[in-house]
Amino acid sequence: LQRPTLVIAHNKTLAAQLAEEFRSFFPANAVHYFVSYYDYYQPESYIPRSDTYIEKQTQINEEIERLRNATTQALLTRRDVLIVASVSCIYGLGNPEDFNALKVELNIKNTYKLQKVLRKLVDMQYTRTNLDLMRGTFRVRGDTLEIYPSSEERIAYRFSFFGDELEAIECFDTVTNQELETLDSYTVFPAKQYVTTQEKIQRAVVQIEEDMHKRVEMYEADGKFLQAQRIKERTLNDIEMLTTLGYCSGIENYSIYFDGRESGESPTTLLDYFPDDAITFVDESHITLSQIGAMYNGDFSRKSTLIEYGFRLPSALNNRPLKINEFYAKQDQLVYVSATPGSFEQGKTHTIAKEPIQLRLEAKGKIPVAEAIIRPTGLLDPEIVVKPVSNQVDDVLEQVRQRVSKGQRVLITTLTKKFAEELDIYFKQINVKSAYIHSDIDTMERVDIIADLRRGVYDVLIGINLLREGLDLPEVSLVAIFDADKEGFLRSRTSLVQIIGRAARHENGLVIMYADRVTGSMKEAIEETNRRREIQQDHNTLHNITPTSTTRQLQTIADDLRKEVEDDENFGKAGAVYTTHGFEEVNELLTHELTNAQKPYMTDNPSIHGAEKIDKSRKHKKATQVYTDFNTSKETIVEQLVAANYTEAKLQRLLDKAINEQNFEMAAAIRDILDNN
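Section: helix α14 (residues 493-500)
Counting buried positions over the 8 residues of α14 gives 6, a clear majority of the element. Turning to α14, its buried residues are S495, L496, V497, Q498, I499 and I500. On its buried side, α14 packs onto α8 (285-308), β20 (383-387), β21 (409-413), β24 (476-481), β25 (510-514) and α15 (520-543).

What follows is the structure, given as C-alpha cells:
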C-alpha cells in the first residue's frame, strides 16, 4: 500500500514483539515502538474523604523515551513509517507543528551565530553540560559544538565552526569517541515531545493568569477560601516556572493554552503526527477497542476532583486521552485483527464502552470480514486434552520433563499471582528452569523473560493474563491451563481460544485443560479449535502439505535497545529474587541487592514532570517479600516434620498430598528432608 501505518496493541509486551517482527520484515523502513515511558507512574489525585493529596510521581524509562522521540521524528521526516504503539498513542502529546517548527537545520559551509544556536537548543529543552554527554544534552569546547540527540543510542554529532562558518559535521560514538561518518547537513529535533515556542508561552501565561483570577473569584464568592488560596499559589508558581525555564511540572495540564484549542476540543496525540492517508491496524481488537473506549472516563473522574478542590484549573480536563468517537474521527482506514473478534468488529453492535460510534451508525453495508485460518507452514491448531484437576501439578511436571528432553518449551497459565509465584518457586526447588510473568514486571524485563524462554534460559513460563494474546513463541509445544473449569474472564471462550493459540506455532502443539467438568466456555473453545483444525487438515491433504514448525530469529526490541545486559538482570526477572539453581546462592545475591537497593536516589529529570525522588528498593521489595515469606514458612514446616520423626514412606505420601493440594511450602519442606536423608 505504501502508506504510513499505525499498529495498536493492547499491552507493551505484545507491542514489543510486533515491533521486533516488523523490523525483520521491513529492514529498510522506519519501524518504531511507541508506548508509555513510565516504569513507575503515580498520577496526581485528591481523596476528599480523608483530605489526602497525592502528588504526581514518575520514573521515566530513558530507552523508551528515546524510542518515542525517534517515532515522532520519523513521522515528520519520512513516509515509509510503521509505528507499533500501545493505547498510549491516544494520550496528549506535544503539537507536531511546534515540534517541527523548533527543529534546527545545520548545513556545512553556511554561517550561524553559535550563541543563537545554543539559545535555540535550550528552547528545545536540551541541557548544557561540561561533563560527559548524556542523551538530551550538548556541550561546547572552543568552536566545537557536540549534541547528543534524545532519539539516538550511543550516537552524537560534532559541529566544528571556524568563526561563524560551519566547517564540518561528524557523527561519533559517545562511548569510544570514534568517528563514524561525516555529514553535509543534520537536523536537530527537540529533546522533549512537549515543547512550544516562547511566543506561545507568553500568550499562554496571560490566559492562564486570567483563568486563575476567575477561579479565585468563584471560590471566594462561594466562601471556599482554602481552595482560592490553593489554586492561586499553585498557578502562580507554574507561571513563574514557565516564564523562566520554559516548562513546569504538569505543563501538560496547560496544553489547551499552548495549542490554541477550545475547551472540549480533542487534544493533540500521536495520531496527529500521521498524514491523512495513514492506515491503522487494531491488533487483538476484542480487547484493544475496549481499552481505547475506557480511557477517557477514568481520567475525567480523577481530574474533576482535583479541579473541584482547587488543585488544578479547569484546563486540566483538556489534557486527556481521546474519546472513542474522537479516535474514529482521526482514522482514514481502520482494520481490526483478532482471532476472537467481538460483536462490534463483526458489525453486530454499534457501541464501544456503551458509547455509540457515530461512524458506524452512518456507515452503509456490511463490515467486510476476512478469515485467515490457513497457515503457509501448514501448521494446525493444537490438539486439546482435558484432564482432572486433582493431580494437575504432578501431571504437568511429567509433561514438562518430556517436552524439555526434546528441547521444547512450556507455558502454564494460572488464575492468581500467588499460585504462579509459588508454582515457580516449587519448580525451581526441583531444578526445573522456570519463570513467571505478570503486570508487576517492568516492560523491558517482560521482553527479556520471553526472550530467555526462547533461548533456553527457562524451559517453563508461568503467567496469568499476559500469556493470552499475540505471543509468538515457536519453541512452545505445550500449553497447560490450570483450573480451566473456573468460569470467568480468564476462562471465558475468548480467553481460552487465545490461550490455545499459543501452542499453534509448533507441529507437536498440545493444550491440556485441567478441569473436573467441561464448562460452556470450554466446550465452545474446543469446538472452535477443532473447526479450524479440520479446515487446516483438509487444506494440507488437498495440497500435500506437511506441517512444519515456524522458525524465527531470536532478536528482541530489548536487544535493539542495548548491547550490554543491565546490571540487575539477575534480579526481578521472575518477580522473585532467586536463581534457577535453587536457593543455595540466594542469600549472598539477596544481601548484595538489598544493600544497594536501600539507597534512595534522585533522578535528574529535566522533563515537564520535574525531578522526582524514587526509592530504588521499590522495584524489588515485593520480590524479596515473596522469597522471604516462602522460605520462612518452609523452614517452620521442616522443624515440625523433623520433630514428628515420620518414616520416608509417610513423608512420600504427605508430599503427594501437598502437591495435589498445591501446598508448595509443605512440598518444598518435605523434599528438603528427603534429599538430606
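A few points about the pairing of strand β13 (residues 165-173)
Remember that side chains alternate between the two faces of the sheet whenever the strand is regular. With 8 bridges connecting them, strand β12 (residues 155-162) and β13 associate as antiparallel partners. Across the sheet, F159 pairs through a bridge with I169, a residue of β13. If you look at the hairpin formed by β12 and β13, you'll find 2 residues sitting between the two strands, and G163 has a positive phi there, around 70 degrees. With 4 bridges connecting them, β13 and strand β14 (residues 179-183) associate as antiparallel partners. Residue pairing for β14: C171 is matched across the bridge by E181. Taken together, β13 and the strand that follows it, β14, pair antiparallel across an intervening segment of 5 residues, in which N177 is found at a positive phi of about 65 degrees.

A look at the nonpolar core
Ranked by size, the top nonpolar core spans 54 residues in total, and within it L121, L145, F159, V188, L270 and F327 carry the most contacts. The greatest single-element share of this core, amounting to 4 residues, is contributed by helix α4 (residues 114-123). Beyond its immediate sequence surroundings of up to four residues, V188 is in contact with K103, V104, L121, M124, Y126, I147 and F159. Counting 38 residues, the second-largest nonpolar core is a separate cluster that includes V400, V410, F419 and A667.

What about the pattern of salt bridges?
By the definition in use, this model includes 38 salt bridges. Here D395 and K387 are joined by a salt bridge, their closest N and O atoms 3.3 Å apart. Note on D395: relative accessible area 17%, which makes it buried. When its relative accessible area of 22% is taken as the criterion, K387 is described as partly exposed. Residues E528 and R532 are paired through a salt bridge, measuring 2.7 Å at the closest nitrogen-oxygen approach.

Conventions used here
Residues numbered from 1 in each chain as written. Predicted model: local features only at pLDDT ≥ 70, side-chain atom pairs only at ≥ 80, totals over all residues. Heavy atoms only, no water. Buried < 20%, exposed > 50% of the residue type's maximum accessible area, 1.4 Å probe, protein only. Helix = DSSP H or I, 4+ residues; strand = E, 2+ residues; numbered from the N terminus. Contact = heavy atoms within 4.5 Å. Pairing = 2+ DSSP bridges. Core = buried A, V, L, I, M, F, W, Y, C linked by side-chain atoms within 4.5 Å. Salt bridge = Lys/Arg side-chain N within 4 Å of Asp/Glu carboxyl O.

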